[in-house]
Amino acid sequence: MKLATVLLLLVLPGTAIWQTSAPADPPPDYPEGYRGWTHVKSAVIGPAHRNFAATGGFQHIYANPQAMTGYRTRAFPEGSIIAFDWLEMTDVNGAFQEGARRQVDVMVKDSQRFAKTGGWGFQRFVKDSKTERAAAPQPQACFACHDNLKKDGLVLSSYRQ
């Protein structure tokens, strides 16, 4: 009995360390060629908006073919990818034009890989970079907001047919 207790005391701390240092799920990759996918919708955050300095400009949403199935049925299949392109806005004599890219937000549907966040992986890429990932928001924060709003399949946007 003493031997079993000693072994248990030696093994448990190692198990706890292994569990807390297990690698995180790999984040979603940059969605190459997303601007060639179906354009779902656009929005403009104008100068009168309270968050214009941080989020103002054009926002374009693109979906790959799997995600378009989801937009039409509101049941997003595995492999769905949605890209949210944020662009600054410039005013040239009253005509608004796209400016520099602020960020690209990506959602990838993979229920096994991203089980902790409702089957969706979330990632933000900085400006025009395909490799620099934003430190914030973390995927768990994205999931919390999307889950809180209780939209179909955690996707907040809709497609006008």
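Check the entry above for the structure.
Computed from a prediction, not measured in an experiment: that's the story for all the values here. (Residues numbered from 1 in each chain as written. Predicted model: local features only at pLDDT ≥ 70, side-chain atom pairs only at ≥ 80, totals over all residues. Heavy atoms only, no water.)

Visitor: Teacher, can you tell me more about the pairing of strand β5 (residues 120-126) here?
Guide: Consecutive residues of a regular strand have side chains that alternate between opposite faces of the sheet. Of all 7 residues in β5, 5 are buried, a share of seventy percent or more. Here strand β4 (residues 95-109) runs beside β5; their pairing, made up of 7 bridges, is antiparallel. Among the inter-strand pairings, methionine 107 is bridged to a residue of β5, identified as phenylalanine 122. (Buried < 20%, exposed > 50% of the residue type's maximum accessible area, 1.4 Å probe, protein only. Helix = DSSP H or I, 4+ residues; strand = E, 2+ residues; numbered from the N terminus. Pairing = 2+ DSSP bridges.)

Visitor: Help me understand the sheet that holds strand β3 (residues 81-92) in this model?
Guide: Strands pair in a sheet through their backbones, by hydrogen bonds, and they do so in one of two ways: parallel or antiparallel. The antiparallel open sheet is built from 5 strands, whose spatial order is β1-β2-β3-β4-β5. For this open sheet the edge positions go to β1 (38-45) and β5, each flanked by a neighbour on one side alone. Here the strands of the sheet are splayed against their neighbours by 25 degrees on average, with no regard to which way each runs. As paired elements, strand β2 (residues 57-63) and β3 share 6 bridges and run antiparallel to each other. Residue alanine 63 lies in a different strand from β3, and its bridge partner there is isoleucine 82. Against the sheet, helix α3 (residues 65-73) engages β1, β2 and β3, with an angle of about 100 degrees to β2. (Axes fitted to C-alpha atoms, helices over the stretch in contact; angles between N-to-C directions. Contact = heavy atoms within 4.5 Å.)

Visitor: Mind showing me how you'd approach the pattern of salt bridges here?
Guide: Two side chains with opposite charge may pair up if their charged atoms get near one another. Summed over the entire model, instances satisfying the criterion amount to 6 salt bridges. With its nearest N and O atoms 3.9 Å apart, the salt bridge here joins aspartate 29 to arginine 133. Residue aspartate 29 is found in the loop between α1 (2-20) and β1, and its partner arginine 133 is found in the loop between β5 and α4 (139-149); the two are separated by 104 residues along the sequence. Owing to a relative accessible area of 55%, aspartate 29 belongs among the exposed residues under this scheme. A salt bridge links arginine 35 to aspartate 85, with the shortest nitrogen-to-oxygen separation between them at 2.9 Å. Highlighted residues: arginine 35 in the loop between α1 and β1 and aspartate 85 in strand β3, separated in sequence by 50 residues. Its relative accessible area of 0% is what places aspartate 85 among the buried residues. Residues participating in the shared-partner salt-bridge network are Arg35, Asp85, Arg101 and Asp128. (Salt bridge = Lys/Arg side-chain N within 4 Å of Asp/Glu carboxyl O.)

Visitor: Please explain the environment of glutamate 78 as it appears in this structure.
Guide: The residue glutamate 78 is located in the loop between α3 and β3 in this model. Separated by 11 residues in sequence, glutamate 78 and alanine 67 have C-alpha atoms that sit 8.7 Å apart. The contact partners of glutamate 78, leaving out residues within four places of it in the chain, are Gln66, Lys109, Asp110 and Ser111. Among the polar contacts listed, one links the side chain of glutamate 78 to the side chain of serine 111, at a separation of 2.5 Å. (Polar contact = N/O pair within 3.5 Å; in protein donor to acceptor, adjacent residues only side chain to side chain.)

Visitor: Would you mind showing me how to read unusual backbone geometry here?
Guide: A negative phi angle is the norm for most residues apart from glycine, just as the trans form is the norm for most peptide bonds. Here alanine 136 and proline 137 are connected by a cis peptide whose omega angle stands at -5 degrees. Locating proline 137 in the fold gives a position in the loop between β5 and α4. Positive phi, normally seen in glycine, also occurs at asparagine 93, with a value near 55 degrees. Looking at where asparagine 93 falls in the secondary structure, it is placed in the loop between β3 and β4. Of note in this structure, lysine 127 is not a glycine but carries a positive phi near 45 degrees. Among the structural elements, lysine 127 can be located in the loop between β5 and α4.

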